[in-house]
Each structure stands twice: as C-alpha cells, then as structure tokens.
Amino acid sequence: MRNTFRLPATLIQAAGAAALLAMAPLCAAETIKLGLSIPLSGSGANWGKGSEWLCGRAAEEIKAQGGVKVQGKVYNFECVSYDNKYNAAEGAKVAQALVARDGVKYVAGSIGTAPVRALQSLTERRNVLMFTSAWGTSIKGPNFPLTFSQMNSVNEISEPMIEYVMKLHPGVKTVALLNPNDATGQETEKVAKAAWEKNGVKVLVSDWYERGTSEFQPIAAKLNAAKPDLIDLASTPPADAGLIFKELKAMGWNGVKVVEVGTGADGLVATGKDAVGGAYLGAAVAVDSMNAHQKELNEGVRKVTGESINSVQIGFYDAPWAIKAAMEKAQSIDPVQVAKVMSTVRFKYFFGETGFGGKAVYGSDQQMQLPVIITQVVGTTLKEVGRVQKK
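Residues numbered from 1 in each chain as written. Predicted model: local features only at pLDDT ≥ 70, side-chain atom pairs only at ≥ 80, totals over all residues. Heavy atoms only, no water.

A. Spotlight on the overall build of the protein chain. Within the protein chain, the regular secondary structure consists of 14 helices and 18 strands. In terms of overall dimensions, the protein chain is globule-like: its C-alpha atoms have a radius of gyration of 21 Å, near the 21 Å expected for 391 residues. Considering only C-alpha atoms, the protein chain reaches an extent of 65 × 45 × 40 Å along its principal axes. Looking at the 391 residues of the protein chain, the share that counts as buried comes to 58%. For the protein chain, long-range pairs separated by at least 24 residues make up 67% of all intrachain contacts whose partners lie at least 6 apart in sequence. (Helix = DSSP H or I, 4+ residues; strand = E, 2+ residues; numbered from the N terminus. Rg over C-alpha atoms; globule rule 2.2 N^0.38 Å. Buried < 20%, exposed > 50% of the residue type's maximum accessible area, 1.4 Å probe, protein only. Contact = heavy atoms within 4.5 Å.)

B. Empty space enclosed by the protein, seen in detail. Here the structure, examined in full by the defined rule, presents 2 cavities of 30 Å³ or more. What the largest cavity holds in volume is close to 170 Å³. Lining the largest cavity are 17 residues, with Trp47, Tyr86, Trp135, Thr184 and Val312 positioned closest to its centre. By residue class, the composition of the lining of the largest cavity is 9 nonpolar, 7 polar and 1 charged. As a volume, the second largest cavity reaches approximately 140 Å³. Looking at the second largest cavity, it is lined by 14 residues, and the ones nearest its centre are Asn152, Ser311, Phe351, Leu370 and Pro371. (1 Å grid on protein atoms, 1.4 Å probe; cavity = no way out; pocket = protein on both sides within 12 Å on 5 of 7 lines; lining within 4 Å. Points joined across faces, edges and corners; volume = space filled by probe spheres on them. Nonpolar A, V, L, I, M, F, W, Y, C, P; charged D, E, K, R; others polar.)

C. Spatial organisation of the nonpolar core. Core analysis: the largest hydrophobic core is formed by 76 residues, its most contacted members being Phe131 and Met342. Sorting elements by how many residues they give to this core places helix H12 (residues 311-330) first, with 11 residues. Grouped together as the second largest cluster of nonpolar side chains are 26 residues, Leu233, Val259, Leu281 and Ala286 included. (Core = buried A, V, L, I, M, F, W, Y, C linked by side-chain atoms within 4.5 Å.)

D. Main features of the layout of surface pockets. By volume, the largest pocket is sized at about 830 Å³. Along the walls of the largest pocket sit 39 residues, with Ser43, Trp47, Pro237, Pro238 and Ala239 positioned nearest its centre. When grouped by side-chain class, the residues that make up the lining of the largest pocket number 14 nonpolar, 18 polar and 7 charged.

E. Just unusual backbone geometry, in detail. With a phi close to 55°, Lys227 is a non-glycine residue in the positive phi region. Secondary-structure assignment places Lys227 in the loop between helix H8 (217-225) and strand E10 (230-232). Of note in the backbone geometry, Ala234 takes a positive phi value of approximately 45° without being a glycine. Tracing the chain through its elements places Ala234 in the loop between E10 and helix H9 (238-250).

F. Looking closely at the side chain of Glu61. Of note, Glu61 is situated in helix H3 (residues 45-64). One polar contact links Glu61 to His293, side chain to side chain, over a distance of 3.0 Å. Not counting residues within four places of it along the chain, the set of residues in contact with Glu61 comprises His293, Leu297, Tyr317, Trp321 and Lys348. (Polar contact = N/O pair within 3.5 Å; in protein donor to acceptor, adjacent residues only side chain to side chain.)

G. Quick peek at the sheet that holds strand E12 (residues 280-281). What the 7 strands build is an open sheet, ordered E9-E8-E10-E11-E12-E17-E18; its pairing is mixed. The open sheet has two free edges, formed respectively by strand E9 (202-209) and strand E18 (381-388), since each of these has just one partner strand. Pairing of strand E8 (residues 174-180) with E9, which is carried by 7 bridges, proceeds in the parallel orientation. Bridge pairing links Pro180 to Tyr209 in E9. Packing of H9 onto the sheet brings it into contact with E8, E9, E10 and strand E11 (256-259), and relative to E11 it is tilted by some 165°. Where helix H10 (residues 265-272) meets the sheet, it contacts E12, strand E17 (372-378) and E18, and its direction lies at approximately 30° from that of E17. (Pairing = 2+ DSSP bridges. Axes fitted to C-alpha atoms, helices over the stretch in contact; angles between N-to-C directions.)

H. Highlighting the state of the cysteines. Inspection of every chain in the model, using the stated rule, returns 1 disulfide. Sulfur-sulfur distance for the disulfide between Cys55 and Cys79 comes to 2.2 Å. An S-S torsion of about -80° defines the bridge between Cys55 and Cys79 as left-handed. Of this pair, Cys55 sits in helix H3 while Cys79 sits in strand E4 (residues 73-83), and the two are 24 residues apart along the sequence. Cys79 matches Cys55 in its accessibility class, with the two residues each being buried. (Disulfide = S-S within 2.5 Å.)

I. Quick peek at the pairing of E11. A two-sided burial pattern is seen for E11, the buried positions comprising Val256 and Val258 on one face and Lys257 and Val259 on the other. Bridge analysis of E10 against E11 gives 3 bridges, and the strand direction is parallel. Bridge pairing in E11 places Asp232 opposite Val258. On the question of chirality, the crossover connecting E11 to the parallel E12 by way of H10 is right-handed. (Right-handed = clockwise from strand over helix to strand, strands pointing away.)

Here you go:
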C-alpha cells in the first residue's frame, strides 16, 4: 500500500555536475516525509503514478537548490505514497497508516473526495498539514485550517469555461449533464448546473452513472433522447467520456461536446476515437503551450503513465514548493505554524509563481491561484484555445 518514490539515477545525474556539487554539503540534512494518498491501482492509477513522479521530481529540485532552510538547519523532502484505490474504504486505511502508524506530518497531495474526507478526519485532529485535489466545499474553509487545495475545482473552472464556450457557440440554448454518482460528481453537478443556467442555457437533463460502468449505450441513449445542443460530461473521467461520445456519435448526435474537468486527450481519444473531435476540456494542459521545463516534466510523467501530464498531477509538483516557502517564512517545521503563514506566501509552481486565494468561495484563502486552461481536441491532440488567470 506504501511506496517511497525516488527518481531514477540517470535522471538525477542529468541535473549536472553543478547541481551535484551544490548538494554535497547537504549530506547531513534532515529528511521530512511528504505523504501522498493517491490511487496507484484501478481506474485512477495513472493520476496517482504521475502525481507520485512529480512530487519526487519537486523534492529532487528543492534538494538540488539547497533544500529547505529553517533556523540554521537544512531539510530535504521524501515523497511516500499510499494507495487509496480512489475509494472511501481504502482511503480510511491509508489515513490510519499515514497518520496514525507512520506519523507523517505533511501530506503533499491527496486524490478523491471520499478518501480525502477519511484522511482529513485525522489530519485536522492530529495537526497534520494536508494538500488535496479533492473538490468538496465541505472539506475546505476556516473550519479546516490545515487543509489547502492544489488544483482548480469545479468552483474555479465552471463559470470561466462555460462563458468561453458560449462565446464560441452563442447558438447553444440547451444542455444535458452527466456525472459519476459519487461525492465528486455530486459537487460538480450542483456547480455546473448553476453555471449553465446563469449563462442562459436550459438544463434538459442531469443524469448519473456508477463508476466502474462499462456499458454506456443506455446512458448515451437517455442523453440523446433529450436532443440537447450541448452535452457536458462534467467530472466524467476521460476514458468513460470517450466511450459515451462514441455511443452518441453512433446515434447521430453531433452537438457541442464539453468535459469540464477533462484532464487529457489520451484516454479520451483511446476510447472515443474520432467521436471526441472538437471536445472542450477544462482541466488539461496542451503540450504546444509548454515551455522547456514544463515539457521535461511532461515527458517524465509520460514515461511512467503513457499519457501526458494533467492538472490533477501538476498539483503534486506545486505542493512541495508551497510547503518549502511556508516553512521558510514561518522558520518552523511545525505544521500548525506553517499552516498559519501558508496563505500569505508566494511560491514557485508549474506555471511560474503564485499564491493562495479563494476566500470569497470558501471563507478563507486556502486555494492555490491557478489558471483555468480551456483546451480542445483537434485530431488526436490538444490545443489550448483559452486561458483565464485569477489575480
């Protein structure tokens, strides 16, 4: 259930002689474990494996740049992964192992609203600082001072993405929604439905399906029967979304396709083939818009997952840098003291430099301020068509 992630020796060597010399004096540095509650098996395994690699890469970069300096001491990070299998039962086991058994004081990333709730029930009570990509508003805000968000949720994505799509397709008057029937899907449905209605689009049907479903023809038939101008698969994972669009195409539906939380084209295209052409995604990153360092990180993720980097995984690169910045500002490694200054720091992240916000939505500034990137599937690749950066 637990993995300690280390980058391959060849990649470390690639950092160059200068980086190795800079690291030499740090051999006596102390190590702080960064726990990860992530799916390493099952349908969400690629999200977890890519996240694990990126956390490890951030830890190596921080070490190469001199580590974390607090009160005359130097600390390095070590990423330790626990497989939550993307469900509540395994998430509860991970919480016990990570916090109660292993005494981890920092969680650099956690995936899945249900497993994160189980973890948070311990992290807040035992003064463990936690970063999460989970979306539920019920796990954020002033009542959870040790919890911070590392990914845009539907609260950040829906309105700017829908407004952008409507500018491109002003003739859209009706929409059908589909979400997985779980905590993540329920949170998404509520926000997405309100956003479409705010933009003057009538929601004809909002349906659900169970994770693990493999037969999507009946679901697609119900969506098609409503005859919507646009179908928003919202928080449906890419592989499932591809199958649904494939069924819809076979039925003759040819409207506007949206996956608000679509994290990448690879899984979508693999199952949907040409049926996914033109689909708009709200949580993916297009390779053509990346700089050299971002492309290097993308290639690292692709080697371990077979797919391009996505926004779920990127947060696991960002969190160690945020933790470093807050530790150095607080001049403490006590999670409570670090959490107190976290909302005030600026830190390096995948896209440059950022900080925290979100008070208007969650009641406190615990949400990383990240760009909303709108991409579109063109052929078998993604193209960035719009970007909204909150100030």
